[in-house]
Every structure is written in structure tokens, then in C-alpha cells.
Amino acid sequence: MRRSALTAIGAVGIATALTLTGCSGTSGGSTSSGPQTVPTGQAGDTTLTVWVMEGDYTPDTIDAINKAYNEATGGKVDVQKQTWDGITTKVSTALATNTPPDVLDLGNTQVAGYAENGGLVDLTSYADDLRQGQTWLGGLEEPATIDGSLYGVPGFGGARAVIYNKQMWADAGVTEEPTTFDQLEADLDKVKAANPASDFSAFYQPGEYWHAGMQFVWDAGGEIATSDDGTWTGTMSSPEAVEGLTAYKEFQNAYSTPSSQTASAKTPDINQIFADGKAGAILNSNGALDLIKAANPAMTDDALGTFPMPGISGENQPVVLGGSDWGIAAKSQNTDLALQWIKIATSPEVQQDYVFGVDGWIPNSTEGIEAAQPNLSEIDQAFFTAALNSKATPASGRWASIEADKSIDTLFSSVASDSKSVENAAKEFDSTLDSTLNK
């Protein structure tokens, strides 16, 4: 996700703005199952170790959190930046040791895997206090919630929206952004008619791009899978999911090239296709904006437009929300201090002034998004609005295998290319879900 050129409001008073009440202490977590407030206490000589992923938070943001933490506890923080290469193995190994990092910056869909292996602290009893009056985005909270228990606190989000070529649409007679699915199709029909080349897509949608396809399924009321007492059942063959898959196929076939039906978003590169003028619109995160402009400098912000993807349901399509959650190592000897640090990092003040204000990320709550709206550029608005309606992948430690083996990409590609009927492709994928998620 690209960094927005926004000015930070400042860190003054963050520590004092937080209401940290409860018993003091610096190690161990309470075993009480009832609601609790985050403990307060002084750190003494204890240094908290925090792992932060490269590219997630700027040094300014982490410094502001650490300053507020020091003001509240007197403690020091050892921040260790981690690279993405091999991170899953590195985190799993670290969590199994007796001296793990206390706080970890985790991808939202990775939380379940670490939690199911017993590597993370159950934060359920502190959830209400950690929310600090905010409503966390579902796409961040849901994948961190396993069998009703919370193992990660939402840090920030990233969402996809439609990116379109304003001049191309204007040349086709479209000067207003669509707000309904019917309007979108009518606009795309005009763009398609004005650009009859065989290699042109009014809306380029590669078949192996499940993030886009799932928006149609969720919009129709379908789900990937459901869990009952820890047992997962694939539900992509449900009537609702089949309806969504069918709508996806019809849309993809109508507005994207035949060659795209079996293509991925990377080969050929979706952003390059748009930058080359071979597509009137794509669905991508706002990180794509800088990539498009780098590929074609003539495409400035003024040449690009964005809007949330309208759904057949009458609402915006639910989006797959990427992002980060904060977790605490189960073997940490400083759980109480880790809770204090995370409460500061996810506070409304830090979210607004730094996570959004400096880093340009989507805040972790609906209230945070609403507070950010007045400071958003026109081109960024759509991504923040889209994030208000988000969904999550199944909170299973084996979900990563579904993405890695590309079986979910194959599902949508098979549907788009008609190599399998919608019903058969969905049933086969459900079988894969049942066997993989329940291993």
C-alpha cells in the first residue's frame, strides 16, 4: 500500500490520553476468563522486545509508540526489524523458544497458524479494553479470532478498489463514477464499445485473482468455509456461493479479454496492462497507484480515478482486507508490559496521528476511517471506504496452504475459462478445503 503524503499531528499526550487501569505487574498474564483491563505497572530494568515487519510501520510511528510507552512505564523497547523472506519459519521457531520476542507484528491471515500451535497469548479477556471504544475492521479481527478467542489486535489495513482511466472513460462518454452495479456495467459497455481492439479490456480481471473473485461470492452471501467445534467445512458449493461465482464469470467474460481467463495478476502484470492503456479499469490496492505512475509517467493522479466496487446486492462488494495484527508470544515473560505497548500502538491517537497520518495506512477501526476522511485525497477515498465492508479468509492455521497451492486461484480460473462448470469447480474446491483445513 502506498504511503500518503500526510502530515503527522504529533505524539504529544498519547500516553496520558490512554486510560490504563488495573492491577500492576510486568510478567505473566491473568488466567481470569472474565473481562479485564490492561494492567499498568512500571517496567523497571525490563526491556521489551518487539518484532516489526519491514515496510509495515515507519520509524516515526514506532518511535512515537515507544515514547508513549516509556512515559507510561519507564521502560525501554528493543525494536527488531524483520524481513518477509522466510518469516513464517522464523516466527514459528522464535515462538517455540523460552526467550521469544514479546510483541510481534503479524500478517492478519498468519495469526491462526501461530495461535493453533500454542505460540500466542489468548487476549480475549482484554479485548473490550484493547478496543478502546473502537469497532475493529472485520477483515483484521476475524482472522485473529480462533474458535471465539482473540489472539491478535488489529494494527492497520489495506483494501482494494476500482482504479480507472479518467480520460479513457470520458472519451467514451462516462464522466461520473458509478455507484451501483448496473451503472458500472452500463459504463463499461460504453468503454468497451469505444475501444474495440481485441487485446483491450474494459475491466481487466485475470482469472487467477481470487481476491477479486471472492468479492462477488461474498456479495452474494456466500462464504469460503464454516467451522463447527474446530472442524471446517467448505461452502463454496452453497447456492449463495454458486450465485456469486456465476456473477463473477459473467462479469469477467463480458469485460476482460479471453486470454485473461487463465492469467494471474502478476503474469502479465495487471498494473502494466493498465499503464499501457490496454485496460479501462482494474481492481487493486492503492499501492498500485505508484506502480502505475512509474510504468507510465503520463498517468498522474489527475488522470486516475477510483471508487469502491459496487455489488449486485446494492452495497459495495466486501473486500479481502490485508493488513497486520499485533500478537504476544505465549512464552513471553513480560505479558503485562506487552499488553500496555500494544494498547498504545492500537490507540485511536496513534492510529490517527501516525498509522494513518504518517504511514498512510487504513486505520484499524471504522471510527478511525471516519476520522481520516477529511484528510484524504480524492484518489485515496475509495480504498478507505471499501475497507468499511471487509471479510476474512477462514481463521485456520492451514489456510496458508490453500493460497500456496493456488487451489483457490484455480477455482476462479476454471470458472472464468469454463473448463469446469461452476457447480463442479465449487464442489472440487470444497473437497480440497475439507481435506486441507482439517489436517
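Residues numbered from 1 in each chain as written. Predicted model: local features only at pLDDT ≥ 70, side-chain atom pairs only at ≥ 80, totals over all residues. Heavy atoms only, no water.

### Description of the overall build of the protein chain
Working step 1: Looking only at helices and strands, the protein chain has 19 helices and 14 strands in total.
Working step 2: Overall, the protein chain is about 70 × 50 × 35 Å in size when its C-alpha atoms are taken along their principal axes.
Working step 3: Counting over 439 residues, the protein chain shows a buried share of 56%.
Working step 4: Summarising the internal contacts of the protein chain: among those between residues at least 6 apart in sequence, 78% fall at separations of at least 24.
Working step 5: For the protein chain, the accessible area works out to roughly 17,300 Å², and carbon and sulfur atoms hold 48% of it. (Helix = DSSP H or I, 4+ residues; strand = E, 2+ residues; numbered from the N terminus. Buried < 20%, exposed > 50% of the residue type's maximum accessible area, 1.4 Å probe, protein only. Contact = heavy atoms within 4.5 Å. Areas by Shrake-Rupley, 256 points an atom, 1.4 Å probe, with all protein chains shown as cover.)

### Some words on the nonpolar core
Working step 1: Core analysis: the largest hydrophobic core is formed by 81 residues, its most contacted members being Trp169, Phe203, Met214, Ile224, Met236, Phe251 and Phe412.
Working step 2: Sort the elements by how many residues they give to this core and helix α10 (residues 239–255) lands first, with seven residues.
Working step 3: Setting aside anything within four residues of it in sequence, one finds Phe412 in contact with Gly207, Trp210, Gly213, Met214, Val217, Met236, Leu245 and Tyr248.
Working step 4: Ranked by size, the runner-up nonpolar core spans 53 residues in total, among them Ala94, Leu106, Ala144 and Ile328. (Core = buried A, V, L, I, M, F, W, Y, C linked by side-chain atoms within 4.5 Å.)

### A closer look at helix α3 (residues 87–96)
Working step 1: Residues of α3 that are buried include every one of Ile87, Val91, Ala94 and Leu95, and no others. For α3, the buried positions fall inside an angular range of 95° around the axis, keeping them on one side. Exposed side chains of α3 directed beyond 90 degrees from the buried face belong to Thr89 and Ala96.
Working step 2: Each element contacted by the buried residues of α3 is listed here: β1 (47–53), β2 (76–82), β3 (103–107) and α4 (111–116). (Arc of directions from axis to C-beta.)

### Re the packing of helix α9 (residues 210–219) against α10
Working step 1: Close contact between α9 and α10 brings their axes to 7 Å; oriented N to C, the two are set at 130°. By the angle between their directions, the pair α9 and α10 is classed as oblique. Both α9 and α10 take part in a crossing whose hand is right-handed. Listed contacts from α10 to Gly213, Phe216 and Val217 of α9 are Ala241, Gly244, Leu245, Ala247, Tyr248 and Phe251.
Working step 2: Partitioned by chemical class, the residues of the contact of α9 with α10 number seven nonpolar, two polar and no charged. (Axes fitted to C-alpha atoms, helices over the stretch in contact; angles between N-to-C directions. Parallel < 35°, antiparallel > 145°, perpendicular 65-115°, else oblique. Left-handed = near helix turned anticlockwise from the far one by under 90°. Nonpolar A, V, L, I, M, F, W, Y, C, P; charged D, E, K, R; others polar.)

### Here we look at the pairing of β1
Working step 1: Most of β1 sits inside the fold, with six of its seven residues counted as buried.
Working step 2: Two elements, β1 and β2, share seven bridges in a ladder whose sense is parallel. Following the sheet pairing, Leu48 is matched in β2 by Val77.
Working step 3: Chirality of the crossover, the property in question, places the unit of β1, helix α2 (residues 59–73) and β2 among those that are right-handed.
Working step 4: Here two bridges tie β1 to β3, and the two strands are oriented parallel to one another. If you follow Val50 over to β3, its bridge partner there is Val103. (Pairing = 2+ DSSP bridges. Right-handed = clockwise from strand over helix to strand, strands pointing away.)

### Looking at the packing of helix α18 (residues 407–417) against helix α19 (residues 422–437)
Working step 1: Packing of α18 against α19 leaves a shortest axis separation of 9 Å and a crossing angle of 175°. As the angle between them shows, α18 and α19 are arranged roughly antiparallel. Residues Ser407, Ile408, Leu411, Ser414 and Val415 of α18 touch α19, and the partners they reach there are Val422, Ala425, Ala426, Phe429 and Thr432.
Working step 2: The residue inventory of the contact of α18 with α19, partitioned by class, reads seven nonpolar, three polar and no charged.

### Focus on the sheet that holds strand β7 (residues 160–165)
Working step 1: Reading across from one edge, β10-β7-β11 is the order of the three strands in this open sheet, with antiparallel pairing throughout. Looking at strand neighbours, the two that pair on one side only are β10 (281–285) and β11 (304–307), the edges of this open sheet. Neighbour-to-neighbour, the strand axes of this sheet turn through a mean angle of 35°, independent of strand direction.
Working step 2: Both β7 and β11 contribute to a ladder of four bridges, which runs antiparallel. Bridging from a neighbouring strand, Ile163 pairs with Thr306 of β11.
Working step 3: Each of β7, β10 and β11 touches helix α12 (residues 287–295); the most contacted strand, β10, lies at about 125° to it.

### Concerning the packing of aromatic side chains
Working step 1: Under the criterion given, the structure shown has 16 aromatic pairs.
Working step 2: Note on Tyr57 and Phe156: the rings are 5.2 Å apart at their centroids and 80° apart in plane angle, and the pair reads as edge-to-face. Of the two residues, Tyr57 sits in the loop between β1 and α2 while Phe156 sits in strand β6 (residues 153–158), which places them 99 residues apart along the sequence.
Working step 3: Residue classification places Phe156 among the buried residues on the basis of a relative accessible area of 3%. (Phe/Tyr/Trp six-rings, centres within 6.5 Å; stacked < 30°, edge-to-face > 60°.)

### A look at the pairing of strand β9 (residues 231–234)
Working step 1: Of the two faces of β9, the one holding Trp232 and Gly234 is buried and the one holding Thr231 and Thr233 is not buried anywhere.
Working step 2: Pairing analysis gives four bridges linking strand β8 (residues 225–228) to β9, with the strands arranged antiparallel. Directly across from Ser227, in β9, lies its bridge partner Trp232.
Working step 3: Connecting β8 to the next strand, β9, in antiparallel fashion are two residues, including Asp229 with a positive phi near 55°.

### A short note on the sheet that holds β3
Note: strands within a sheet are paired through backbone hydrogen bonds, in either parallel or antiparallel orientation.
Working step 1: In spatial order, the strands read β2-β1-β3-β13-β6; together these five strands make up an open sheet with mixed pairing. Here the strands that pair on one side only, and so sit at the sheet edges, are β2 and β6. Strand-to-strand twist in this sheet, taken as the mean axis angle between neighbours without regard to direction, amounts to 20°.
Working step 2: Along the sheet, α2 contacts β1 and β2; its crossing angle with β2, the most-contacted strand, is approximately 160°.
Working step 3: Against the sheet, helix α13 (residues 335–345) engages β1, β2, β3, β6 and β13 (322–328), with an angle of about 150° to β13.

### Regarding unusual backbone geometry
Working step 1: Note the cis peptide between Thr267 and Pro268, where omega equals -5°.
Working step 2: Turning to its location among the elements, Pro268 is positioned in the loop between α10 and α11 (270–275).
Working step 3: Its identity as a non-glycine residue notwithstanding, Lys406 has a phi of 60°, on the positive side.
Working step 4: Tracing the backbone shows Lys406 in the loop between α17 (399–404) and α18.
Working step 5: Since its relative accessible area comes to 46%, Lys406 is described here as partly exposed.

By themselves these figures say nothing about function.
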